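Summary of the model geometry
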Amino acid sequence: MLFNSLAFLIFLPTVWALYWFVARRSVRLQNALVVAASYVFYGWWDWRFLILIVCSTVWAWALALADARWARGRKARMVLSFVLNLGLLGVFKYFNFFAQEAIALLNALGVQAHPVTLKIILPVGISFYTFQTLSYTIDVYRKQLSPTRDLVAFAAYVSFFPQLVAGPIERAMNLLPQFLTRRTFDYAKAVDGCRQMLWGFFKKMVIADNCAVMVQALVADDVAAPGLAKWLGMSCFAFQVYGDFSGYSDIAIGCSRLFGIHLRRNFAYPYFSRNIAEFWQRWHMSLMTWFRDYLYIPLGGNRVPRWKQVRNTFVVFLFSGLWHGANWTYIVFGLVQGVFFLPFMLMGAHRKHKEIVAADRFLPSPKEVLQMLSTAMLLMLSWPVFRASSITETCRWLKQMFTFAGGFAFALPEACREFGATAAFVAALLCVEWVNRREQHGLARLPRWRWARLAVYWGIVYVIAKHCGAQQTFIYFQF
């Protein structure tokens, strides 16, 4: 079920009403309703996907309970949990990729090999909920978290529908206790959640969906003035992927607040970053902190010799790239980001600028502007790797970006007829988020006059209704 669909528009208020008016007196009943609603939400794509999430939930819960009951065999159960979860992810997400690459290698060596692939559909959100169950298993194994006996509450933690298919990737230490305690309706938090959802819908339906159409037209091989077109296309893609994914996160976080649940922040205005290290502290924060806590630190983190720090950094970016998909482009994207990140790590600059951009001034300094522009330029050079379907296509696009044989005269394709309006909305997005850069989301701070707030709400609703692009599936559903 898509957030930007009529089905969800009916689904959400129905579940909300049942949650607060029918099940409000019982935590277990609320949790059971959350699980049922989440399974309906997830099974809307294909009911067979439910088998996977149920299996992942049950074995993570059972193995963690076994850890608490029997001291012997803890390491074996930990390994089994990894094999089950990563095996599930590997079969459905990576089997075809590695099988095809192995066959290509054997054929190149003169060994005849026949393709062996599974004709399966990648289950939506499998990378997200497997990481949640894995983090629970690891935290229990480390004795940082006591396992729960409440299977319904644990199932609600794994399958909570707002963040089930595209995050944020939650930790059991944050989310599970919320399902084990009684929730009370908080009007102020619910209103703020609705504001965050509204801002998320604006980013997705107005920014991302319109940019998607222009990206498709501008990266086409037959477009005139390929150099300018590719630069403009990658600029549009930068806001497409940001509006799409951060928009989803805003909707998910805001929606969860309607149910008295707090989800961790996933984006902190990354396009105001002053270097790549800061960018990765602000972009997809739940994933990057997951890799930090469960991969980088166990490898030694910063407490090892410098060459091992470099190794650990590249391991994290390699796996973060691979997490995004079974394609060499994602692996190369991760390694490229590791190269960009490395100088700042070596200089110790990756620990700076964590909290607030230009905290003591309204406008950034000239130095900060140059830093932001240079960071944007590095991202522009790496987005083709993320967007292209192959390394060959990536190389062709990068070559075209620096080819201006047709001069600088450039006519937008017909599909870009909304370019002026979309550019204005992107500028508005940046202005709003800059003003609210110290807040949790773009609409967190509004005028105190009720009529002014209502004008903002209805103005955004009008813009969404008038200028929404053709409905597009969320990009991160494929991950």
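Residues numbered from 1 in each chain as written. Predicted model: local features only at pLDDT ≥ 70, side-chain atom pairs only at ≥ 80, totals over all residues. Heavy atoms only, no water.

1. Remarks on the overall build of the protein chain
Put simply, the test is: Only DSSP runs of H or I reaching four residues or more are called helices, and only runs of E reaching two or more are called strands; each is numbered from the N terminus. Burial status follows relative accessibility: with a 1.4 Å probe on protein chains alone, a residue under 20% of its type maximum counts as buried, one over 50% as exposed, and anything between as partly exposed. Residue contacts are counted whenever heavy atoms from the two residues lie within 4.5 Å of one another. Here the accessible surface of atoms and residues is derived via Shrake-Rupley with a 1.4 Å probe, and residues count as covered only by protein chains that are part of the display.
Secondary structure summary: the protein chain contains 17 helices and 0 strands in total. Per-residue burial for the protein chain yields a buried fraction of 53% across its 479 residues. In the protein chain, 77% of the contacts between residues at least 6 apart in sequence involve partners at least 24 apart. Surface summary for the protein chain: the accessible area is close to 22100 Å², and the carbon and sulfur share equals 67%.

2. Remarks on a nonpolar patch on the surface
Put simply, the rule is: Excluding any residue in a salt bridge, patches collect residues exceeding 30% relative accessible area, merging like charges within 9 Å and nonpolar Val, Leu, Ile, Met, Phe, Trp and Tyr side chains within 5 Å. We define a salt bridge as a contact between a side-chain nitrogen of Lys or Arg and a carboxyl oxygen of Asp or Glu at a distance within 4 Å.
A cluster of nonpolar residues, Leu 6, Leu 9 and Ile 10, forms a patch on the protein surface that exposes about 350 Å² of accessible area. Tracing the backbone through its elements, the reader meets Leu 6 in helix H1 (residues 6-22). Residue Leu 6 is classed as exposed on the basis of its relative accessible area, which comes to 61%.

3. Topic: the pattern of salt bridges
Under the counting rule described, the total for this entry stands at 14 salt bridges. As a salt-bridge pair, Lys 203 and Asp 250 come within 2.7 Å of each other at their nearest N and O atoms. One end of the pair, Lys 203, is in helix H8 (residues 187-218); the other, Asp 250, is in helix H9 (residues 226-258), with 47 residues separating them in the sequence. With respect to class, Lys 203 is no different from Asp 250; both count as buried. Residue Glu 278 pairs with Arg 274 through a salt bridge whose shortest N-O separation is 3.5 Å. Across this residue pair, the class does not change: Glu 278 and Arg 274 are buried. Among the charged side chains, a salt-bridge network with shared partners connects Arg 274, Glu 278, Arg 282 and Glu 368.

4. Section: helix H11 (residues 285-296)
Since the α-helix turns once every 3.6 residues, residues separated by three or four places project in the same direction. A large share of H11 lies buried, amounting to 11 of its 12 residues. Among all positions in H11, only Met 285, Ser 286, Leu 287, Met 288, Thr 289, Trp 290, Phe 291, Asp 293, Tyr 294, Leu 295 and Tyr 296 are buried.

5. A closer look at the packing of aromatic side chains
Under the convention used in this document: When the centres of two rings from Phe, Tyr and Trp lie within 6.5 Å, Trp using its six-membered ring, the rings pair. Their planes under 30 degrees apart give stacked, over 60 give edge-to-face, and anything left gives tilted. Sitting over a ring, as applied to charges here, requires NZ of Lys or CZ of Arg to be within 6 Å of the ring centre and within 35 degrees of the ring normal.
One pass over the full model with this rule turns up 52 aromatic pairs. The interplanar angle of 85 degrees and the centroid separation of 5.2 Å between the aromatic rings of Phe 279 and Trp 280 together place this pair among those described as edge-to-face. Exposure remark for Trp 280: the relative accessible area of 9% places this residue in the buried category. Over the aromatic face of Trp 434 sits the side chain of Arg 437, whose NZ or CZ is 4.0 Å from the ring centroid.

6. Side note on the environment of Gln 440
By the element assignment, Gln 440 lies in the loop between helix H16 (419-435) and helix H17 (450-467). Considering only alpha carbons, one finds Gln 440 and Phe 267, 173 residues apart in sequence, at a separation of 8.8 Å. When near neighbours in sequence (up to four residues on either side) are disregarded, Gln 440 contacts Gln 196, Arg 265 and Tyr 269.

7. Focus: unusual backbone geometry
Despite not being glycine, Tyr 269 has its phi angle at roughly 50 degrees, a positive value. By relative accessible area, Tyr 269 is classed as buried at 5%. We note that His 284 has phi near 45 degrees; this positive angle belongs to a residue other than glycine. Note on placement: His 284 falls in the loop between helix H10 (276-282) and H11.

8. Side note on the side chain of Arg 183
Note the following rule: A residue counts as positive if it is Lys or Arg and as negative if it is Asp or Glu; His and the chain ends are not included. Throughout this description, a polar contact denotes any pair of N or O atoms lying within 3.5 Å of each other; where both atoms belong to protein, one of them has to be capable of donating a hydrogen while the other can accept it, and for residues adjacent in sequence the pair is counted only when both atoms sit in side chains.
Locating Arg 183 in the fold gives a position in the loop between helix H7 (172-180) and H8. One buried charged side chain, Arg 183, makes no salt bridge at all; its nearest oppositely charged neighbour is Asp 150, positioned 8.4 Å away. A polar contact is formed between the side chain of Arg 183 and the backbone oxygen of Phe 179, at a distance of 3.4 Å.

9. Describing the packing of H8 against H16
Note the following rule: Angular values range over 0 to 180 degrees, each being the angle between N-to-C directions of two axes fitted as lines to C-alpha atoms, with helices fitted over their stretch in contact. Here the word oblique covers every angle except those under 35 degrees (roughly parallel), over 145 (roughly antiparallel) and from 65 to 115 (roughly perpendicular). The crossing is said to be left-handed when, going from far helix to near helix, the turn is anticlockwise and less than a right angle, and right-handed when the turn is clockwise. Gly falls in the polar group here, along with every residue not listed as nonpolar (Ala, Val, Leu, Ile, Met, Phe, Trp, Tyr, Cys, Pro) or charged (Asp, Glu, Lys, Arg).
Packing of H8 against H16 brings their axes to within 10 Å, and their N-to-C directions diverge by 140 degrees. Viewed along their axes, H8 and H16 adopt a mutual orientation that is oblique. By crossing handedness, the relation of H8 to H16 is classed as left-handed. For the pair H8 and H16, contact is made by Trp 199, Phe 202, Lys 203, Val 206, Ile 207, Asn 210, Cys 211 and Met 214 and by Phe 419, Thr 422, Phe 425, Val 426, Leu 429, Val 432 and Glu 433, respectively. Residues of the contact of H8 with H16, tallied by class, amount to 11 nonpolar, 2 polar and 2 charged.

10. A look at the environment of Arg 445
You can see Arg 445 is positioned in the loop between H16 and H17. Residue classification places Arg 445 among the partly exposed positions, given a relative accessible area of 44%. The spacing of Arg 445 and Arg 195 is 250 residues in sequence and 9.9 Å in space, taken between C-alpha atoms. Every residue in contact with Arg 445, bar those within four places of it in the chain, is listed here: Val 435, Asn 436 and Glu 439. At 2.6 Å, the side chain of Arg 445 and the backbone oxygen of Val 435 are in polar contact.

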